[in-house]
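Take a look at the letters that make up each chain.
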Amino acid sequence: MHALFYLLEHADEPGHEVPAHFDLGARLAAEQYRQGKRVFIFVDNRDDAHLIDQHLWAFDADSFVPHNLQGEGSRGGAAVEIGQTPPVAKRTVLINLASTVPDFIRRFDTILDFVPADERRKQMARAKYKQLRDIGAQLSTQKV
């Protein structure tokens, strides 16, 4: 299992509809989809699920990403699924927009996570990083 943490250098900009790490998460989901990977976006709550869902719909037509909220669509779901509980279908990539590491983390080959610029979210990211290190994930970081 490999976990890549994206280090966001700038805080959320006022007037933007979604936090910076949600925007990057959506763009990464689109990139993973174009590479033929099945993605699960893990969120803390239903409001966050709807926020990222709407953001994915807002992409232009050339960047369409087939996605659905958990429990919607066919049993296997779309290429990108958004939810709070373990996905039913096999998925190799987890994009973690939640404040914690899910207990089903070992199901994924690749974890994409974020270290936002604000101090509260940074502390949560550090805790997730330590937890993933403790379970033996190969960790790396990338500045954005």
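See the structure printed just above.
Residues numbered from 1 in each chain as written. Predicted model: local features only at pLDDT ≥ 70, side-chain atom pairs only at ≥ 80, totals over all residues. Heavy atoms only, no water.

Enquirer: With reference to specific residues and values, describe the nonpolar core.
Expert: In this structure, Ile41 and Ile95 are the most contacted members of the largest nonpolar core, which totals 26 residues. Going through the elements one at a time, strand 1 (2-7), helix 1 (20-34), strand 2 (39-42), helix 2 (46-57), strand 4 (80-83), strand 5 (93-96) and strand 6 (110-115) are the ones with two or more residues in this core. A total of 6 residues in this core trace back to one element, the largest contributor, which is helix 1. Sequence-distant contacts of isoleucine 41, defined by excluding residues within four places in its chain, comprise Ala29, Ile52, Leu56, Val80, Glu81, Ile82, Gly83, Ile95 and Leu97. By size, the runner-up hydrophobic cluster in this structure holds 15 residues, among which are Ala3, Phe5, Ala98 and Phe104. (Core = buried A, V, L, I, M, F, W, Y, C linked by side-chain atoms within 4.5 Å. Buried < 20%, exposed > 50% of the residue type's maximum accessible area, 1.4 Å probe, protein only. Helix = DSSP H or I, 4+ residues; strand = E, 2+ residues; numbered from the N terminus. Contact = heavy atoms within 4.5 Å.)

Enquirer: Run through the sheet that holds strand 7 (residues 138-143), naming residues and quoting values.
Expert: Spatial ordering of the open sheet is given by 3-4-2-5-6-1-7, a layout of 7 strands whose pairing is parallel. Looking at the sheet topology across the chains shown, the edges are occupied by strand 3 (67-69) and strand 7. Taken over all neighbouring pairs, the strand axes of this sheet differ in orientation by 20 degrees on average, direction set aside. Here strand 1 pairs with strand 6 via 6 bridges, running parallel. Considered in strand 6, the bridge of histidine 2 is made with threonine 110. Contacts from helix 2 reach strand 2, strand 3 and strand 4, with the element oriented near 160 degrees to strand 3. (Pairing = 2+ DSSP bridges. Axes fitted to C-alpha atoms, helices over the stretch in contact; angles between N-to-C directions.)

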